[in-house]
Amino acid sequence: MVTAEMVKNLREATGAGMMDCKKALAECNGDMDAAVNYLREKGIAKANKKESRVAAEGLANIFVDGNKAVILEVNSETDFVSKNEEFQNLIVEIGKTILSGNATTMEEAMALSTSEGTIQELIVAKTAKIGEKLSFRRFVVLTKEENEVFGSYLHLGGRIAALSKISNTTEDIAKDVSMQAAAMNPRYVFRSEVPESVVQEEKEILKEQAMNEGKSEDIAIKMVDGRLNKFFKEICLAEQAFIKDSDFDVATYVKNHGGEIKEVIRYEVGEGIEKKQEDFAAEVMNQVKGN
């Protein structure tokens, strides 16, 4: 009989998922050593050895069902794997699972059940099968009211994903907002979201620029506010010139179509991840050594 303690011990020994350990023990009639060999033969026990590698490639995607939407990012080590059908199916499985669940944190999401165990166990299994470190990096779930719409846009096959929630307008307008976010990469949606520390730092820079142009400090300080507005128009989505009609900013474009921007989320695959730099010769040697 396979006990929970046996499964726990095998997981600690191999780093494999709970369902994989349970299956291995059942296949090997509870023989721990045989179960370890079983997992090694399947490649599953090696998955945890890939944890030190950097996964900064991959795909982002968006899934919508009625009044609920999820945007997520799943990473791989190489861009080649992002074109792998197995990897793409993994993202779909994760997205649909989160969409049908109620997770709000990554810990809760990892514990959700899929058709192949939990999301955590599914990632371990796919890591072993695909042969690269895979990482479910982040997600956000949005819900909307009946008078609101979602707009989703994927760029470069999922390298960039943008999800917007807009009230009192159409999905086409919401999609336009998502396209703007994908293309222009705003740091914030609204001016009110910009931290005061960022504003103060920019004010100092703008003041120094004006003084370097020969302006007195008093004049430079007066010039800051005008130049600060330009800064906001660059970094805030709502104030950016709309790419389809630069006569309007994005908020005005949406307002002209009866709507109001509620929320916009943009993911770019690998942003903020420090990629490991490795020359080709070192990479070949690592492969030869089995790292």
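Structural data are supplied above this passage.
Here's a quick rundown of the structure. Note that this is a predicted model, so its numbers are computed, not measured.

In this section: the pattern of salt bridges. A full pass over the atoms with the stated rule returns 14 salt bridges. K207 is paired through a salt bridge with E217; the nearest N and O atoms lie 3.4 Å apart. Residue K207 is found in helix α9 (residues 196–212), and its partner E217 is found in helix α10 (residues 217–235); the two are separated by ten residues along the sequence.

Take unusual backbone geometry next. With the exception of glycine, the majority of residues adopt a negative phi angle, and the majority of peptide bonds are in the trans configuration. In this structure, N29 is a non-glycine residue whose phi angle is positive, near 55°. Of note, N29 is situated in the loop between α2 (18–27) and α3 (32–42). Judged by relative accessible area, N29 falls into the exposed class, the value being 74%. The phi torsion at N185 lies on the positive side, around 50°, for a residue other than glycine.

Our focus in this paragraph is the nonpolar core. Residues F87, I94, I98 and F136 are the most contacted members of the largest nonpolar core, which totals 23 residues. Those residues in contact with I98 that lie beyond four places of it in its chain are K68, V70, A109, L112, I119, F136, F139 and V141. Ranked by size, the runner-up nonpolar core spans 18 residues in total, among them V149, A181, V250 and V254.

Let's shift gears to the sheet that holds strand β10 (residues 260–268). Strand order in the open sheet formed by three strands is β6-β7-β10, with antiparallel pairing between adjacent strands. If you trace the sheet from one side to the other, it starts and ends with β6 (148–155) and β10, each paired once. Between one strand axis and the next, the sheet turns through 10° on average, direction left out of account. Here eight bridges tie strand β7 (residues 160–167) to β10, and the two strands are oriented antiparallel to one another. Counted as the bridge partner of K165 is E263 from β10. On top of the sheet, helix α8 (residues 171–184) reaches β6, β7 and β10; it is set at about 40° to β6, its chief contact.

Moving on: the packing of aromatic side chains. For the coordinates displayed, the defined rule picks out three aromatic pairs. Measuring from centroid to centroid gives 5.9 Å for F231 and F232, while their planes differ by 50°, and the two rings are tilted. The same class applies to F231 as to F232, namely buried. When the ring centre of Y267 is taken as reference, the NZ or CZ atom of R138 above it lies at 3.9 Å. The residue whose ring lies beneath K144 is F150, and the NZ or CZ to ring-centre distance is 5.9 Å.

What follows deals with the packing of α9 against α10. The packing of two helices is summarised by the inter-axis angle and the distance between the axes. One can describe the packing of α9 onto α10 by two numbers: an axis separation of 8 Å at closest approach and a directional angle of 125°. Accordingly, the angle class assigned to the pair α9 and α10 is oblique. Judged by the sense of rotation from one axis to the other, the crossing of α9 with α10 is right-handed. Contact residues: V198, V199, E202, K203, L206, K207, Q209, A210 and M211 in α9; E217, A220, I221, M223, V224, R227, L228, F231 and F232 in α10. Class assignment for the residues of the contact of α9 with α10 results in twelve nonpolar, one polar and five charged.

Let us look at α8. Along an α-helix, residues three or four positions apart point the same way, because every turn accommodates 3.6 residues. Here α8 is 14 residues long and its end C-alpha atoms lie 20 Å apart, about the 20 Å a rise of 1.5 Å per residue gives. Against β6, β7, β8 (241–242), α11 (250–256) and β10 lie the buried residues of α8. Once α8 finishes, N185 follows within two positions and takes phi at roughly 50°, a positive value.

For strand β2 (residues 68–76), the tally of buried residues reaches eight of nine residues, placing the bulk of the element in the interior. Relative to β2, strand β1 (residues 57–65) runs antiparallel, the two being bridged by nine bridges. Across the sheet, F63 pairs through a bridge with V70, a residue of β2. Count of turn residues in the β1/β2 antiparallel hairpin: two residues, of which G66 carries a positive phi of about 65°. Pairing analysis gives eight bridges linking β2 to strand β5 (residues 135–143), with the strands arranged antiparallel. Across the sheet, I71 pairs through a bridge with V140, a residue of β5.

Rules and cut-offs
- Residues numbered from 1 in each chain as written.
- Predicted model: local features only at pLDDT ≥ 70, side-chain atom pairs only at ≥ 80, totals over all residues.
- Heavy atoms only, no water.
- Salt bridge = Lys/Arg side-chain N within 4 Å of Asp/Glu carboxyl O.
- Helix = DSSP H or I, 4+ residues; strand = E, 2+ residues; numbered from the N terminus.
- Buried < 20%, exposed > 50% of the residue type's maximum accessible area, 1.4 Å probe, protein only.
- Core = buried A, V, L, I, M, F, W, Y, C linked by side-chain atoms within 4.5 Å.
- Contact = heavy atoms within 4.5 Å.
- Pairing = 2+ DSSP bridges.
- Axes fitted to C-alpha atoms, helices over the stretch in contact; angles between N-to-C directions.
- Phe/Tyr/Trp six-rings, centres within 6.5 Å; stacked < 30°, edge-to-face > 60°.
- Lys NZ or Arg CZ within 6 Å of the ring centre and 35° of its normal.
- Parallel < 35°, antiparallel > 145°, perpendicular 65-115°, else oblique.
- Left-handed = near helix turned anticlockwise from the far one by under 90°.
- Nonpolar A, V, L, I, M, F, W, Y, C, P; charged D, E, K, R; others polar.
- Expected span 1.5 Å × (residues − 1).

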